[in-house]
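So you can see what is in the structure, the chains are spelled out below.
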Amino acid sequence: MKRRGYLFIFTACTVLGLASSEPRVPNRSARSAPTTITRRNEATSSTGEFEEEVDVLIEKILSLKSAEPQEQEEMSVKTGPHSDLHPSQSKQTSRTGPSSRAATNVNLNTYLNMLSGLYSIYEPVLVESFLQNLPQALVCVLADRTQCGWQADLTTTLSSRLSGPVLSLLSSLKSQTCPSTSSSSPRMADSTLTQLSAFQELVTAALSSNLPLYLSDNFLLAWNSFIDLTLPPVASFISEFMVNFLQTFVEFLTVGLQIGVDIPSLDQTQQCQQGDLKQLLMWGLNHNLSWSFGDSILNMFLALDTTPCGYTDTECQNTQTLQLGRSSTSPVDNPTTLLTCDQQDVTHLNDTFCADILANASQVPDALYSVCKALSTLSHSELILVWKNTCQVVQLVLSPLLEPCPPLPSESSQRVARSTLSLSQLFCNYENWTTVEAIDPGLVTMCSDNDPEAFLQDLLPHVCLYSDWSQPTIVDMTDLALCADLDTVNFTKKVCNNTTVLQNLLANLDNTWLLEQCSNLTGSSSGGAGGGKGSLMGFVPSVECQYSIWVVRLPDAALLALCWDYDQANFISSICNNPAVLSHIIQEPSSLWVSTLCTTYSNYTKITTQSNNTNSGTYNYTNSTSGAHPCLVKELIDRLNWSCSVDVNVACQAGISQFQGLQLFIRCGVEVLLPRLQKTVNPQVASIVRQATSVWVVLLLVLEENEMTTLRVTDYIRQNVMDSVSAFLERETKFDNKQVLLQCFGKVLTGLMQTGRDVYSNGSFLIKEYFHIPLASLKAVFSSLDVSTIRQILQYVTRDQANLQLTDEYLHTMVKVLIQVHLRQDETLFIDLSPLLSLATPEDISSLPPLQNNVNVLNVINSIINSLSLEQRQAFGWWFSQSVGKANMTAGGLSFIRDIGNLIAYLPFHSFQYLTPAQLLDGLDVLLRNELGPLKQQFIAQRIIGGYKNLTTDQFRRLATLTCWANQNDLLAYMGTDASPVIQENIRTCVAQGISVPSSMISSLFLNSSDVQSPTSLSPQRISQLAQFLPLMGLDFLQQLSQTQLLPVLSLLTSVPFTPLQAAVIIDKVSPSLKLSESGSGVSKLMFLASGVSVETLWGLPSDALLTALSNFSQYTPQLTPPQANAISAKLWGVSAVVTWLKEVDPLLSSTQLLSVMPRAHLLLTNGSGPYTRSWNTQQAKTLFNEAMTSIRSLSTVQFTSLGTVAQGVSCKVLTKLIQNNPSVSSMSDVLGVLRKQPVPLHPSLKKCLIEELYKLAFFSDLLGAMGAQIALSIPMSTIKKFSVLMTDILRSMIVQDPQHFLLMPTTKQTILVDKIVQRLGMHTGEYTEEEFRSLGIMATFVVDEVFMQLDRSFFVDSVEFLRGFCYDSSKRDIVASMLQERSTFGPVQNWTTATLNQVDRFLFYLSRETIQLIPPDLMSQERIERLFVSQRQWESGDVGSLCVQERSVLFTKQQFVLQYFLGFLKPGRTVSPVPTCESLHQTQPSAWPITSLTEMPSSSFRRCLELIGQDPFFSSFHLSVLLRRTKEVYGAVSSFNPYVTAELGNIATQLTADELASVKLSDIRTLSPLGAVNSWTKKQMGVLFSVVLNSTKQTPSQLDSSSFVALGYIICGIDVAVIRSLNPVEFSKAALWLGRLNLSCSEDQLQAMITLLSHSLAFGSVSSWGPEVFIEIGAFAGIGLLSLNSEPVVSRKALKNYNVLY
């Protein structure tokens, strides 16, 4: 602490010495001309007089030498790189060290005399503009030039005279930082600091002896008057001094720091090195970042040291990790700067640094300009000389502080010569530890960590001498602590459980902590051994500390200490506040410490109670005990009426020295007087002071880096730096400056945050700033950040991601950088990154560093892998496969899968296939809890079941649904065994889950039994066993079952996916026993059987029953028919209370008629339950939006976003105005955000309008990321072609994340778009890599053929299962077929194996017919063919396949060929053809079989498959006629068909004659609906069918309701025009939602008549009033119908205008 005070006094004296004369303001000369000296006219009249003054000045300087040692007289000043510009003793320094200088015994008076001499020097120096021309003179001297002018002579003379005292003082200061080499006080070894100490004692004594005078009213009045009188002129003087001297001085220092401190900056690649704290401060000085270090500097030099903690102080124990002083590690982790004068690259000074300064002359300080002006005149060699000479001068000045301390005698005396001893013998020589004074804690730690056994064995005999402790002895506290920590068992046994030893150890009062320690070890505080409840090893303060009897019987020393430690409050009140008892106790010498502590606490209490009386005007000068003034500083401050931020009561505590009190007094005085001083100085001075303090702090940091000071600068300025940075970031609008700060100084700033584990500290503003980085700069910034900064950011994101609202693009970019850059530098970052791994792309995951052998990493991956997407999991599998091969997997042993965990399930198949049957069976549980995929499931099943012939029942239970992937022959071998029931149960589970099972397996295991051939004899239990297979049995089988058979198993049947016709048969049979009208047990319980409920029944149900059913729709997806959905919607929306049921009716909103919504629009918005969150379709949203606008005059962005799902109904006109009124990135991002989250696709007209208006904005490119794929893909191709690389990549990313909108685009636009993306991103040449393929997502197979043919073949083989999920046009299918046969992939098809076909799977259909015939026939069994058909069908019905544009007929022809070729139908001369079962038709496709094989099916099988056959779209008319003939053979004449058989006919019914159609019965909408879905009827057939409906239902056309119209479907075009006009317009308008979606073949007259119905006043009203919402609702009716309205040209024009808005 005193060292810090001495340094402050030294600095203050230096400044005061230079400031002791009236300053003069130097004139500034024009910078465009060479700098000259401008003299004041009244100063000197001639050159001769001026030279005389200079001579006198030099003589005055030289006169100072009389007070210096003789050796200083020998110093000379020379120039040149090898000159003695520094003292000639510099060579001696390296031999003798700092002690040689200290030995010169410099008298402080000499230094003070020198300062006094400078008083007379200062005035002529400024008068002759010495400082103004000093830069040129210095540069001239340092460059070894001659004739540099009088300034140079004066400079060299000053340096020679000042160097001795300065170097001596620095040596003295350095000596104070070294440890003592003797028992005497180190502060007495140096006379200079001794005199400084004497000086402060003199001041303290003077203040103390004259305290009554200082505290008198007269003195205080005089003091205040003096301050008021002198402060203004002092401030004026300081202002002039600052402007004249300090500014120039600061500018010089700034020049040096600018040259010496390399400030980080962004290079051309937007990268930079991490800067340290001093570089940050220098950067701030150059970029308008206002540092404020005044308080920090005061605290640095004037703050008191904290009181050291006691051993048992729990608060101190909690902060043991806080390191102070020189040994502390800086939070910014700065490396020590080495002061060397090696060759430096100085060309940048003139080329960049000085060039910028000279180009901006008016914006830089004079000194900087002067230095650079002078440097610009030097040659390169002279520039090097300047650098070397300057560096040597600095090195000389700092060399005393850089010299190492002399070694301690104890260390040198114990030094051992080097030998070949081991680490333990060299350092851990425990025998020597007993002879040294102190042992390095680091050495103890090293030995205990690296040599634990010997450490415990050899050290704890030396230290832990338990046997000696049984006798009275004094044992050091640290020895006890060591034994307690490292030898806990023996310590507990031999100390804590031994009362004698414990009492002996407590004789050392520092060891009272033993009670608590032993209590913790033995559990005595909880009532364990050694003491009662609430005691400390038997010591109970309330029992032992009987203060009242201490007057009679003095306590022993141990009891006294224990009571103070564990009963302090009572001790103070009973002893310290009782003088009689206290004086009695301190009679014993060993108890004197009690008096000291009691005095401390008494003074503190006195200070607290008197704090309110300090301004009363009186003061008690006497002290009740000693008559002295124990709290001098406090009394002075109170009387001076100073209010300070520091706690002045600290000065009154025991142990506070007089010098520390003086420091506190000065600190308080500066704090009080400084604000008054600041009010009188001008802003220019304030600016100079701020710059000076900043430069001073930088210098202190440099000194501390080189271990020249121990001021802990970083600790003191930490908060100031963070506050200044926070203010800068808040006001700075230019991100370029922010970027440098965040990117280049992130490490030092996060190091200053003092957050520890808590990121929610005062530094959180900095972390939050990283979340506002523009996306374009995000990668560059994060790439340059330090790992410590990255870790802080990750912790913040992990804890507060929900509130940060970061975009997906931001998170994806951040994770990509972390994986590709930082994780490679620090693998421990993986744990922090793990919560964000779900945001990593498969490419990022594949590029993870090789951490496969890190157990912690694998555990993290295994714990999160099931929450990742399949692509991400597969990427992790590929990454892990890089570390394992066939040999590794085999050598992994039986438990290999269990050892690795979930990750093993996602290995690429080429690695996965090396797992042995034994490993697969052992790790089956691990595999089954992961998503394996069909290929691996099939491999596991066939590997285990085919490899083992004696699997147990339990093993089949573990196999579960994997059983279904086994070869059926392997399974059939277990029939009749104990495992057979388990196998059957597994198969049933597979069917229930939609897993395909070979037909022969189903037939053999379930359907070929004799009881199944007689449905009426089946018991309910048997039906429950067959439940999952009943859809395969067909309508004919179900019609033979009775209510008695079905009711017991009805709950099971509700989960079976029956067709609507099959469900209708079951419902009809059980309906008499159903209570459908009950809300809790009615329709809501039917689940999948609900599709069989008649429309008439639904109309009759109460609303609450329907609402309950709808609420359950979220749990399953019932296959409601269009007539059913229409009926339910019409029923519920016919009730006014529907506005409060929006949550319940939400599942059917897309099926709700616009005509039902329009009249309730107002109530929906005012009284509805959450109308802005419901799944409205476009036309409904437009209706509601129009209603909302009736109460809004001008739509704001906030209002628009609040509309939620109704916002999609905005008109182009309103949207255009909204954009024009809010043309900002944030507003438009909000608008796009709402539209992007709509529950249904946006209408094309809205997207077109939106793009057109946004494109007019200057920041259109900034909005691309906020659009989403749906909106962005509406941008015209002409605009997309102009996209930059960044915009193209953003578009690519959006499509990859949301691919469905790309698949809905026209094929031509798809191709053009992908080609543009590929070219823009540079992927059109070279190998088509896996990374490129995955980066394109669904677009990867839409590249041009030339690119696709370059696909990486190793990726093709490894990922063939993944590749099967993409779309392929005809040319790509041919390329895939060619790739499959290359030798680098799977080779010629003749050599393919079962494993090959398992991988190729549906790609087999891409092969040519000629190639297909080369496949070995033995591999192509009917089981294999069925699996191929199922695979293709599942892909076609999936998310991707259902949207792919395919030549379906071409692919079907290939499938048909494969089946017929390998089943022998195409073999020449074959007379017997296999007859398919109904199960095989379900697995394949009826039309894939020869028509003759179908007609040869047994009648029972044909009946079971009739509905399936009738729905097949690939039969020709001839085939359908053949099938009709076979149907008549099975069922008889058409007139005898029951309605369900007629409905089953499907496409076959189109071959019926008009007379036959007229004989069918269609009274039930359920049987009419399948026929209405057929689109190949003739005009005549449709007319007959409509007549049949009327006749069957006994209704007139006007009585038909909306559900009937929906069921009629395509048949509606069979209604005559005259009849159309008689239809109910309201019911027909309700059905328009469904009918408008059909490609109707109605005539223009029919359509015109239908438009007339729709425009009825009770329907949508006059066509001229139709808005876009009506046109969207009626769909196909709109275009043709409007064109036919020739009779009303005005109406037609208005309607067409609204229609054209949409199209």
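Everything discussed here concerns the structure shown above.
This is a predicted model, so every value here is computed, not measured.

S.K.: Mind showing me how you'd approach the packing of aromatic side chains here?
M.R.: How two aromatic rings sit relative to each other is set out by the distance from centre to centre and by the angle between their planes. Throughout the structure, instances matching the rule amount to 39 aromatic pairs. Residues Tyr1255 and Phe1260 carry aromatic rings whose centres are separated by 5.2 Å and whose planes lie at 80° to one another, so their mutual orientation is edge-to-face. Where Phe1457 meets Tyr1461, the ring centres are 5.5 Å apart and the plane angle is 20°; that geometry is what we call stacked. Taken together, the residues span about one helical turn, with Phe1457 and Tyr1461 both in helix H84 (residues 1448-1462) at a distance of 4 residues. On the basis of relative accessible area, Phe1457 is assigned to the buried category, the value being 9%. Members of the aromatic cluster, each reached through a chain of ring pairs, are Tyr770, Phe771, Phe782, Tyr796 and Tyr810. Sitting above the plane of the Phe1362 ring, Arg1334 keeps its charged end 4.6 Å from the centroid. The residue whose ring lies beneath Arg1637 is Trp1634, and the NZ or CZ to ring-centre distance is 4.9 Å.

S.K.: Got a minute to help me understand the state of the cysteines in this structure?
M.R.: By definition, a disulfide links the sulfur atoms of two cysteine residues through a covalent bond. Here the structure, examined in full by the defined rule, presents 11 disulfides. Through a disulfide, Cys464 is tied to Cys483; the S-S separation comes to 2.0 Å. With the S-S dihedral at roughly -110°, the linkage between Cys464 and Cys483 falls on the left-handed side. Pair noted here: Cys464 is in the loop between helix H21 (452-463) and helix H22 (477-486) and Cys483 is in helix H22, with a separation of 19 residues, a long-range link. Taking the relative accessible area as the measure of exposure, Cys464 reaches 6% and is therefore buried. With a relative accessible area of 0%, Cys483 lands in the buried category. Each disulfide pairs two cysteine sulfurs, and for Cys545 the partner residue is Cys563, the sulfurs being separated by 2.0 Å. The chirality of the disulfide connecting Cys545 with Cys563 is left-handed, given an S-S dihedral of about -105°. Of the two residues, Cys545 is situated in the loop between helix H26 (541-544) and helix H27 (557-566) and Cys563 in helix H27; the sequence distance between them amounts to 18 residues. For the pair shown, Cys545 and Cys563 are each scored as buried.

S.K.: Help me understand the packing of helix H34 (residues 713-731) against helix H35 (residues 735-744), please; the structure alone is not making it clear to me.
M.R.: A pair of packed helices is captured by two measures, namely the crossing angle of their axes and the spacing between those axes. Where H34 meets H35, the closest approach of the two axes is 10 Å, and the angle between their N-to-C directions is 150°. Two packed elements cross with a definite hand, and for H34 against H35 that hand is left-handed. Of the residues in H35, those in contact with Val725, Phe728 and Leu729 of H34 are Asn737, Lys738, Leu741 and Leu742. Residue classes in the contact of H34 with H35 are distributed as 5 nonpolar, 1 polar and 1 charged.

Rules of the game
Residues numbered from 1 in each chain as written. Predicted model: local features only at pLDDT ≥ 70, side-chain atom pairs only at ≥ 80, totals over all residues. Heavy atoms only, no water. Phe/Tyr/Trp six-rings, centres within 6.5 Å; stacked < 30°, edge-to-face > 60°. Helix = DSSP H or I, 4+ residues; strand = E, 2+ residues; numbered from the N terminus. Buried < 20%, exposed > 50% of the residue type's maximum accessible area, 1.4 Å probe, protein only. Lys NZ or Arg CZ within 6 Å of the ring centre and 35° of its normal. Disulfide = S-S within 2.5 Å. Axes fitted to C-alpha atoms, helices over the stretch in contact; angles between N-to-C directions. Left-handed = near helix turned anticlockwise from the far one by under 90°. Contact = heavy atoms within 4.5 Å. Nonpolar A, V, L, I, M, F, W, Y, C, P; charged D, E, K, R; others polar.

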